[in-house]
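Summary of structural features
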Amino acid sequence: MKKQEIRLSGSGGQGVILAAIILANAGVEQGLNAIQTQSYGPEARGGASKAEVILSNDEINYPKITKANILLSLTQKAYDKYNSSLEEKGILIIDESVKLSGDETFKVYSLPILRTAQEKFETQMVANIISLGAIYELMGEETIDKDIMIRSITERVPPHTVQKNTDAFEEGIRLARG
Amino acid sequence: MNKKGYKLVQGNEACVEGALAAGMRFFAGYPITPSTEIAEISAEKLPTLGGRFIQMEDELGSMAAIIGGSLAGKKAMTATSGPGFSLMQENIGYAAITEVPCVVVNVQRGGPSTGLPTSPAQGDVMQAKWGTHGDHPAIALTPNSVQETYEYIVKAFNLAEKYRTPVVFLMDETVGHMREKMAFKDVSEIELIDRKKPTCKPEEYVAYRPDEDMIPPMASFGEGYRYHVSGLTHDETGFPTNNNEISEKLVKRLVDKVDKNIDEFAYFEEYKLEDAEIVIIAYGGVSRSAKSAVDQLRKQNIKAGLFRPITIWPFLEKQVNKVSLNAKEIYVAEMNLGQYFLEVERVACKNSNVHKITKVNGELITPEEIVQAIGGNK
């Protein structure tokens, strides 16, 4: 497989770090080398939050992303801050509320992530897992088996939210398929 | 767990898992980013293993508590970051002079003061050796991966127990917060060292009389051996003395029992050093960037290699000297303004040109920055 470098960004509290952990965990369960890192500010909510996942067949030394293949941005602030880190023909997944300048070279997927979380699941808390579904779909299913992803979600979200989160994951896949 | 036995584990989590495997049964601490997970997971796991966790009022109390826990016979640890590490210094000296085994984990973040709480740094390298006052022994280990954190925290406990001294486990935010694959070991496969106990009768016990190996046997409080523990310079009974000869002998023994045994625990990694003309010296999180940099430089036909100390204190003088004999240029890359550099320069300057690559902005040094500093193409 091709080395995957995925950056997830949003506002603190949106759960992008958890989504990254679930993805990296699934990567290891699949037998890949995976590494997950994050950066965030001192505040518990708000502020910019960024998480990264690298998946590779080879040993991973430098643990951070230099150029991302996939960038998720749930907020305008996160997009403005991180869009330059996405490779030229990289996959950009943004919430529909994020505005683009129009001259981007990326493959853009503007999806109603936050709206779907609110309208369909009645909580913003699943926005990260909807995003994860979209990332999974666009990464290509050959990287990680779907049942391994589902298991990874099940292991890492609060037990009483498993159904809601696996539904949200499926919803994310659907949104990305368009 | 996958088919090969690997799990995704965080560095701080690996630290606790390794400590528990090493036999840690007492933890006292005060939570601080980026070390908090160590306290959290210890609090969760210790009670299920018959151990004790206590959150103290601050880091002065935390350090004091682990000294007490260790005197009572438990393998004891605390974990903190820069600001807390500063507060622990006085009692680290107390543990050194009273020869109480304990492990102090410092997951380094940006400083000075409260600095950059959530960002990596390596600014506490010198503090890990010279933070407490007076001449004293210093052992510090610094891991660069989750797996190594798990394995070397065990060695930290072993060294503390064997040499009866505080051991600093010097992590950084990069390694502490990173998650990657790790294989757990069967506890029966892990080599464990326990402190040496007295074999004499309690009434014959002289608490601070060293054996041939310079280390006195240590009785636990509550086992019937009565003795005095004091931060004052003391004689073999443990009671204070102003005697000049005894004072000189004590301080020298404390330092010698560690420094003269460095060959027993000189842990390091060499990467593509055989024919290297340019050697990068890096440790902890930065060494991962350095390894990538070596690979990039090799692709540009630059003969680069990496020397990575895991034992950061005592300084690996013999090994660094050997590296300098073959290297034309040495670059010390670290997330501070050149602390380990000073030691490398002291030893290597007669044989090589020693340069520093530094960064203190709260971000890990990148492989490209190292490559560029050395003169390769980005």
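Each value, and the rule that gives it
Residues numbered from 1 in each chain as written. Chains lettered and ligands numbered in written order. Predicted model: local features only at pLDDT ≥ 70, side-chain atom pairs only at ≥ 80, totals over all residues. Helix = DSSP H or I, 4+ residues; strand = E, 2+ residues; numbered from the N terminus. Rg over C-alpha atoms; globule rule 2.2 N^0.38 Å. Buried ≥ 20, exposed ≤ 12 C-beta atoms within 10 Å, placed from the backbone. Contact = placed C-beta atoms within 7 Å. Axes fitted to C-alpha atoms, helices over the stretch in contact; angles between N-to-C directions. Parallel < 35°, antiparallel > 145°, perpendicular 65-115°, else oblique. Left-handed = near helix turned anticlockwise from the far one by under 90°. Nonpolar A, V, L, I, M, F, W, Y, C, P; charged D, E, K, R; others polar. Pairing = 2+ DSSP bridges. Domains from an automatic or database assignment.

Now for the overall build of chain B. Looking only at helices and strands, chain B features 12 helices and 15 strands. For chain B, whose C-alpha radius of gyration is 21 Å, the value lies close to the compact-globule estimate of 21 Å for 378 residues. In chain B, which comprises 378 residues, the share counted as buried stands at 53%. A sequence separation of at least 24 residues applies to 76% of the contacts in chain B between residues at least 6 apart.

Check the secondary structure of chain A and you find six helices and six strands. Listing every helix and strand of chain A by position from the N terminus yields β-α-β-β-β-α-β-β-α-α-α-α. Against the 2.2 N^0.38 benchmark of 16 Å for 178 residues, chain A shows a C-alpha radius of gyration of 15 Å, consistent with a compact globule. The C-alpha extent of chain A, read off along each of the three principal axes, is 40 × 35 × 35 Å. Burial status across chain A gives 49% buried among its 178 residues.

Attention now goes to the packing of helix H1 (residues 11-22) of chain B against helix H2 (residues 36-45) of chain B. Axes are the key here: two packed helices are described by the angle between their axes and the distance separating the axes. Residues and elements named next belong to chain B. Two numbers describe how H1 lies on H2: the axes approach to 8 Å, and their chain directions differ by 40°. One way to sum up the angle between H1 and H2 is to call them oblique. As for the relative orientation of H1 and H2, their crossing is right-handed in sense. Across the interface between the two elements, Asn12, Glu13, Cys15, Val16 and Leu20 from H1 touch Glu37, Ile38, Ile41, Ser42 and Lys45 from H2. In terms of residue class, the contact of H1 with H2 is built from five nonpolar, two polar and three charged.

Counting from both sides, the interface comprises 20 residues of chain A and, opposite them, 21 residues of chain B. Looking at the side of chain A that touches chain B, the elements with two or more residues in it are helix H1 (16-29) and strand S2 (33-40) of chain A. Per-element tally for the side of chain A that touches chain B: the top contributor is S2(A), with eight residues. For the side of chain A that touches chain B, the per-class residue count stands at nine nonpolar, nine polar and two charged. Sheet topology note: the S2(A)/strand S9 (residues 179-183) of chain B ladder contains two bridges and is antiparallel. By the bridge assignment for S9(B), Ile35(A) is matched with Glu180(B).

This part is about the domain arrangement of chain B. All names here are of chain B. Looking at the assigned domains, one finds that chain B contains domain 1 (1-265) and domain 2 (269-374). Distance from the C-alpha centre of domain 1 to the C-alpha centre of domain 2: 28 Å. Of the residues lining the interface, 27 residues belong to domain 1; the matching set on domain 2 comes to 20 residues. Elements with a minimum of two residues in the side of domain 1 that touches domain 2: strand S6 (116-120), helix H5 (125-130), strand S7 (139-141), strand S8 (166-172), helix H7 (173-177) and helix H8 (244-259). Broken down by element, the side of domain 1 that touches domain 2 gets its largest block of residues, four residues, from H5. Taken together, the residues of the side of domain 1 that touches domain 2 sort by class into 17 nonpolar, seven polar and three charged.

All names here are of chain B. Residue position: Pro34 is located in the loop between strand S2 (24-29) and H2. In sequence terms Pro34 and Lys303 are 269 residues apart; their C-alpha atoms lie 36 Å from each other. Ignoring any residue separated from it by four or fewer positions in sequence, one finds Pro34 in contact with Ser81, Val107, Arg109, Thr118, Glu173, Gly176 and His177.

Residues and elements named next belong to chain A. In this structure, Ala19 sits in helix H1. Sequence separation between Ala19 and Asn128 is 109 residues; the distance between their C-alpha atoms is 5.9 Å. For Ala19, the residues in contact, after removing those within four places along its chain, are Leu8, Asn128, Ile129, Ser131 and Leu132.

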